[in-house]
Amino acid sequence: EIETAHQFTVSSLYSGKANSSSDLPLASLNKVLTEDSAAGKVKRKRAQTPLEKYYLTYLCVTDLSTQSWCEQQMVYGRELPPLQAPETVVLLNTGKSIHLARELEVHDVVKVHTTSKEDSWAIKILNLLSVIPVLQAGGCVRELPVFGVIEDVFLTGIIDELCYSAKGELELRELKTRGRPFMPSGAQKKRDYFQVCLYKYIFDAMVQGQLKPDVITNHIQLRPEQPLGSQIREHAQKVGFTVTSFGDLLELMYLNLTLSDIPSIDCLKIEYSHQESNTLLGTEVVRFEEEKVREKAQNYLAYWKGQREVQGVEIEEAWKCQSCSYSEICDWRKKRAEGPEQRSGPKKSK
């Protein structure tokens, strides 16, 4: 029998988009660097990193997995969302509806009014706290929030499903719905593999005690002393927690994660399903290689931290451009079409 966990949906000014990593502006946006020169001290503005440019204090796992398909497309998608193809929007919305229906099979979803950014994050933490007993009892949970830090960048994500196999192994199951009735290409699978591997990387770190309270408050710029709203406190009591401040909730989260006997994730599976017929197209078992996952994450995060410029697909994967909504305006594509001589600049006359 599947145990039921209370889960809460944020309804507030700070909730943002369903899959957005946007947050309040960084305090460091207007920092200036001071340097000494022969004429004295000169102030100049430091170049903004993409994290600062887009006002982000954290990223979603899906931000990085989207980069693995095409980083340039990911950037255009953030800057020019209206250009997204209508059929793509329909596909995404249908997928969200299917995921919500699956969530409602095992969770109650309750709307809660929030009054601060801390309240909004308290919802995520309560969602996490409420499913820990279910996992301890060997039950199944869906839409599990995870948080962690890689390369000094805070990452969040939502695991579709965690359950135990007949062998007692903890399995992560990711559902991918498709508009076409056949399995995805190898490149699409590669993107999905990276996504579930990141989920495991972050979840394992959480249950191993690496997600300390100050990690969250420092990276997301939250106030531990901030009193929680009345509705947050009320719902916390319903799942057995008496808290008054955001810091209280962070301490509870840390203690519950580190003192629980929840194991690391043993197996990663991706299920591909056809949206229209609800037919299972196939299941992929993903091999987790920690070093490779870390290296890929480091490369993608280097862009967000301003350590390198945005990159598009290589010539071998130019076929991806055929289905891209931004192909007509893509600077990367135009530069690649020009050839190596033009990309390196005009030749000097002899």
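Residues numbered from 1 in each chain as written. Predicted model: local features only at pLDDT ≥ 70, side-chain atom pairs only at ≥ 80, totals over all residues. Heavy atoms only, no water.

Taking an unreviewed UniProt entry as the reference, the protein is identified by name as Exonuclease V belonging to Terrapene triunguis.

Novice: I'd love a proper account of the pairing of strand 9 (residues 267–274), names of residues and values included.
Specialist: Buried residues dominate strand 9, accounting for 6 of its 8 residues. Bridge analysis of strand 8 (residues 170–178) against strand 9 gives 8 bridges, and the strand direction is parallel. The residue bridging Leu172 from the neighbouring strand is Leu268, located in strand 9. Where strand 9 lies against strand 10 (residues 280–286), 6 bridges are found, and the strand directions are antiparallel. Across the sheet, residue Ile270 finds its bridge partner in strand 10, namely Glu284. The loop that links strand 9 with its antiparallel partner strand 10 comprises 5 residues; one of these, Asn278, has a positive phi angle of about 60°. (Buried < 20%, exposed > 50% of the residue type's maximum accessible area, 1.4 Å probe, protein only. Helix = DSSP H or I, 4+ residues; strand = E, 2+ residues; numbered from the N terminus. Pairing = 2+ DSSP bridges.)

Novice: Lay out the nonpolar core in plain terms, naming residues and giving numbers.
Specialist: The biggest cluster of nonpolar side chains holds 70 residues, and the ones touching the most others in it are Leu64, Leu162, Phe203 and Trp304. Contacts of Leu162, omitting those with residues within four sequence positions, involve Leu135, Gly139, Cys140, Val141, Leu144, Leu170, Glu171, Leu172, Phe203 and Ile265. (Core = buried A, V, L, I, M, F, W, Y, C linked by side-chain atoms within 4.5 Å. Contact = heavy atoms within 4.5 Å.)

Novice: Lay out the packing of aromatic side chains in plain terms, naming residues and giving numbers.
Specialist: Tallied over the full model, the rule gives 9 aromatic pairs. Ring geometry for Trp69 and Trp319: centres 5.7 Å apart, planes at 85°, overall edge-to-face. With Trp69 in the loop between helix 2 (61–67) and helix 3 (71–79) and Trp319 in the loop between helix 10 (290–304) and helix 11 (331–338), the pair connects residues that are 250 residues apart, well separated along the chain. Here Trp69 falls in the buried class, since its relative accessible area comes to 10%. These aromatic residues form a ring-pair network of at least three members: Tyr58, Trp121, Phe147 and Phe154. (Phe/Tyr/Trp six-rings, centres within 6.5 Å; stacked < 30°, edge-to-face > 60°.)

Novice: Break down helix 10 for me, citing the residues and quoting the values.
Specialist: Helix length check: helix 10 (15 residues) gives 21 Å between terminal C-alpha atoms against 21 Å at 1.5 Å per residue, within 8%. Taken residue by residue, helix 10 has Val293, Ala297, Tyr300, Leu301, Ala302, Tyr303 and Trp304 as its buried positions. Taken from the residues just after helix 10, Gly306 is the one with a positive phi, measuring 80°. (Expected span 1.5 Å × (residues − 1).)

Novice: Describe the side chain of Ser260, with residues and values.
Specialist: If you trace the backbone, Ser260 turns up in the loop between helix 9 (246–259) and strand 9. Among the residues examined, Ser260 registers a relative accessible area of 11% and is labelled buried. Engagement of the side chain of Ser260 in a polar contact is seen with the backbone oxygen of Leu257, the distance being 3.0 Å. Leave out the neighbours within four places in its chain, and Ser260 touches Ile132 and Gln136. (Polar contact = N/O pair within 3.5 Å; in protein donor to acceptor, adjacent residues only side chain to side chain.)

Novice: Which residues make up the pattern of salt bridges, and what values do they have?
Specialist: When the charged atoms of two side chains lie near each other, side chains of opposite charge can form a pair. Per the counting criterion, the structure on display carries 17 salt bridges. Arg173 is the partner of Glu171 in a salt bridge, and the nearest nitrogen-oxygen pair spans 3.1 Å. Among the salt bridges present, the one from Lys269 reaches Glu171, with a minimum N-O distance of 3.3 Å. Here Glu171 lies in strand 8 and Lys269 lies in strand 9, a separation of 98 residues in the sequence. The exposure class of Glu171 is buried, given its relative accessible area of 5%. Each of Arg142, Glu161, Glu171, Arg173 and Lys269 takes part in a single network of salt bridges with overlapping partners. (Salt bridge = Lys/Arg side-chain N within 4 Å of Asp/Glu carboxyl O.)

Novice: Any chance you could break down the environment of His219 for me, citing the residues and the numbers?
Specialist: For His219, the position within the fold is in helix 7 (residues 213–220). Residue classification places His219 among the partly exposed positions, given a relative accessible area of 22%. On a C-alpha basis, the gap between His219 and Asp152 in space is 8.4 Å, while along the polypeptide they are 67 residues apart. Excluding its chain neighbours within four sequence positions, the residues that come into contact with His219 are Thr57, Val149, Asp152 and Phe154. At a separation of 3.2 Å, a polar atom in the side chain of His219 contacts the side chain of Asp152. Engagement of the side chain of His219 in a polar contact is seen with the backbone oxygen of Val215, the distance being 2.9 Å.

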